[in-house]
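The primary structure of each chain is shown beneath.
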Amino acid sequence: MMSELEEDSLKLPVLDLTQPDNIESSVLSSLLKACQEWGFFYVTNHGIPINLFTKIREFSNHIFSLGSDTKLKLGPSSRLKTYTPHFIASPYFESLRVSGPDFFDSSKASIDELFGQHKPEFSEILQEYGNHMMKLSKRIIEIILKSLGTGYEKKFLDSEFGNCHGYMRIVNYTPPSNVKENQVEGLGMHTDMSCITIVFQDELGGLQMRSKDGKWLNIHPCKNSLVVNIGDLMQAWSNGRLRSSEHRVVLTRSQNRFSLAFFWCFEDEKEVIAPNEILGNGNPRIYQPFVCLKYIKFRESNEVGNFEKIGYTVKDFAGLNV
Ligand SMILES: O=C(O)CCC(=O)C(=O)O
Ligand SMILES: [Fe+2]
């Protein structure tokens, strides 16, 4: 079953995972269309317990309300480097990164450093969320592969995506108090370095994607649904058939905004190259094959490219002029 949410000209499909093994072909084709045109869609009945979001949000309030000296123990010049302070991505953005596959250990290291003591209840929640996200990412990629061609999920899911890993970013946006008169960017325009990204945004909304003709369109919060977007790695792997869209976050109210983004990525050493079947007969390659880590380094080597003004995407890195 697939419904569509309409907004100006933006019609994003909602992928219902009630029966993930039995997806109708009309659903696959509207999903594929959305991935080609917008690079965004929603997923619902994804099986993630709602109370996990609530608990992670509590955790987020807890850590981000700590003093900045404490948070900077995890900052860019610390050993762990899991905290991104204000003024890197934007003046209103700060985040904490938790990496898989051992989300428990990764979060424990940060929490121990912040609080000087164990808080296993938080690490357990983050581990549970990470496990859910790893499974969900794989299911979604399986369905996207199916939409690209009959049997492609059998052919490519394990062989190409079998070693994917994931990490999450817990984000706290704190807009200035005059935001109402003057809408501000909480996170500037960028594309994601992932295969796919799965985002929970709170009820305030503010996520926007850029259409092919350059218009900013709202990705509304949609109850019980998560937002999925195609990242640069998938755009390159599909030879541009799937779109990694530019997006950003705008803050329109003087309220904190919470989001939780999960990035599912190829392993560092993977060579990203579109298989011949994906390329299709007679189509030129529009990306040079590249090693995943080299692209990540390219983005990270540039403070701006990391959070990414446009001009620092996979097109600039590996695009071929054809
Ligand atoms: O905060 C959001 O809603 C999206 C964040 C995002 O695009 C990102 O972290 O890459
Ligand atoms: Fe993003």
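Scoring rules and cut-offs
Residues numbered from 1 in each chain as written. Chains lettered and ligands numbered in written order. Predicted model: local features only at pLDDT ≥ 70, side-chain atom pairs only at ≥ 80, totals over all residues. Heavy atoms only, no water. Donors = N, O, S within 2.8 Å, 3.2 Å for Na, K, Ca; no water. Helix = DSSP H or I, 4+ residues; strand = E, 2+ residues; numbered from the N terminus. Buried < 20%, exposed > 50% of the residue type's maximum accessible area, 1.4 Å probe, protein only. Pairing = 2+ DSSP bridges. Axes fitted to C-alpha atoms, helices over the stretch in contact; angles between N-to-C directions. Polar contact = N/O pair within 3.5 Å; in protein donor to acceptor, adjacent residues only side chain to side chain. Contact = heavy atoms within 4.5 Å. Core = buried A, V, L, I, M, F, W, Y, C linked by side-chain atoms within 4.5 Å. Expected span 1.5 Å × (residues − 1). 1 Å grid on protein atoms, 1.4 Å probe; cavity = no way out; pocket = protein on both sides within 12 Å on 5 of 7 lines; lining within 4 Å. Points joined across faces, edges and corners; volume = space filled by probe spheres on them. Nonpolar A, V, L, I, M, F, W, Y, C, P; charged D, E, K, R; others polar. Near = heavy atom within 4 Å. Sits in = over half its atoms within 2 Å of the grid points.

Undergrad: Whenever I open this one, the coordination of the iron ion (ligand 2) confuses me. Can you help?
TA: Ligation of the iron ion (ligand 2) by protein atoms is provided by H190 (NE2), D192 (OD) and H247 (NE2), these donors lying 2.1 to 2.2 Å from the ion. Donor residues for the iron ion (ligand 2), ordered by position in the chain, follow H-x1-D-x54-H. Linking D192 in the loop between β7 (184-190) and β8 (196-201) with H247 in strand β12 (residues 247-251), this pair joins segments that are 55 residues apart in sequence. Neither D192 nor H247 differs from the other in exposure class; each is buried.

Undergrad: Help me out: how do you make sense of the sheet that holds strand β10 (residues 216-218) in this one?
TA: Hydrogen bonds between backbone groups are what pair the strands of a sheet, and the pairing can be parallel or antiparallel. Strand order in the open sheet formed by four strands is β7-β12-β9-β10, with antiparallel pairing between adjacent strands. In this open sheet, the two edge strands, each paired with only one partner strand, are β7 and β10. Taking each pair of neighbouring strands and ignoring which way they run, the sheet shows an average axis angle of 25°. By the bridge criterion, four bridges tie β7 to β12 in an arrangement that is antiparallel. Each bridged residue has a counterpart across the sheet, and for L187 the counterpart in β12 is V249.

Undergrad: What am I meant to see in the side chain of N229 here?
TA: Mapped onto the fold, N229 is located in strand β11 (residues 225-230). Note on N229: relative accessible area 1%, which makes it buried. Only 3.1 Å separates the side chain of N229 from the side chain of D192, close enough to count as a polar contact. In contact with N229, not counting residues within four places along its chain, are G39, F40, D192, C195, I196, T197, V199 and H247.

Undergrad: What is the right way to read the nonpolar core from this model?
TA: Most often, soluble globular proteins keep nonpolar side chains buried together rather than apart. With 99 residues, the main nonpolar core has Y129, F161 and W237 as its most contacted residues. Ranked by residues supplied to this core, first place goes to helix α5 (residues 120-148) with twelve residues.

Undergrad: Would you mind showing me how to read the environment of L148 here?
TA: Following the sequence through the fold, L148 ends up in helix α5. Once the C-alpha coordinates of L148 and L242 are considered, the two residues, 94 residues apart in sequence, prove to be 9.5 Å apart.

Undergrad: Looking at this structure, how should I read helix α1 (residues 25-37)?
TA: One turn of an α-helix holds 3.6 residues; hence residues three or four places apart share an orientation. With 13 residues, α1 extends 18 Å from end C-alpha to end C-alpha; this agrees with the ideal 18 Å at 1.5 Å per step. Immediately beyond the C-terminal end of α1, within one or two residues, lies G39, with a positive phi of roughly 70°.

Undergrad: Which parts of the structure should I look at to understand the pairing of β12?
TA: Of all five residues that make up β12, five are buried, and the element is covered over most of its length. Neither face of β12 is open: one carries H247, V249 and L251, the other R248 and V250, and all of them are buried. Relative to β12, strand β9 (residues 207-210) runs antiparallel, the two sharing three bridges. Looking at β12, one finds that Q208 is bridged to R248.

Undergrad: Quick question: what am I supposed to make of the layout of surface pockets here?
TA: Take a probe with the size of a water molecule and roll it over the atoms, and the empty space left behind shows itself. When its volume is computed, the second largest pocket comes out at roughly 450 Å³. What lines the second largest pocket is a set of 23 residues, among which F200, C222, K223, N224 and S225 lie closest to the centre. Secondary structure elements with two or more residues in the lining of the second largest pocket: β3 (40-44), α2 (50-64), β8 and β11. For the lining of the second largest pocket, the element with the most residues is α2, which contributes four residues. Its residues assigned to classes, the lining of the second largest pocket shows ten nonpolar, nine polar and four charged.

Undergrad: What should I look at first to understand the site of ligand 1 in this one?
TA: Lining the immediate environment of ligand 1, one finds R169, Y173, L187, H190, D192, V199, L207, H247, V249, R257, S259 and F263. Here an oxygen atom of ligand 1 sits 3.1 Å away from a polar atom, N or O, in the side chain of R169. The separation between an oxygen atom of ligand 1 and a polar side-chain atom of D192 is 3.1 Å. Taken atom by atom, the bulk of ligand 1 overlaps the largest cavity. Put simply, the parts of the chain that give the shell around ligand 1 at least two residues each are β6 (165-173), β7, β12 and β13 (257-265). Considering each element in turn, the shell around ligand 1 owes the most residues, three residues, to β13. Along the lines of polarity and charge, the residues of the shell around ligand 1 split into six nonpolar, three polar and three charged.

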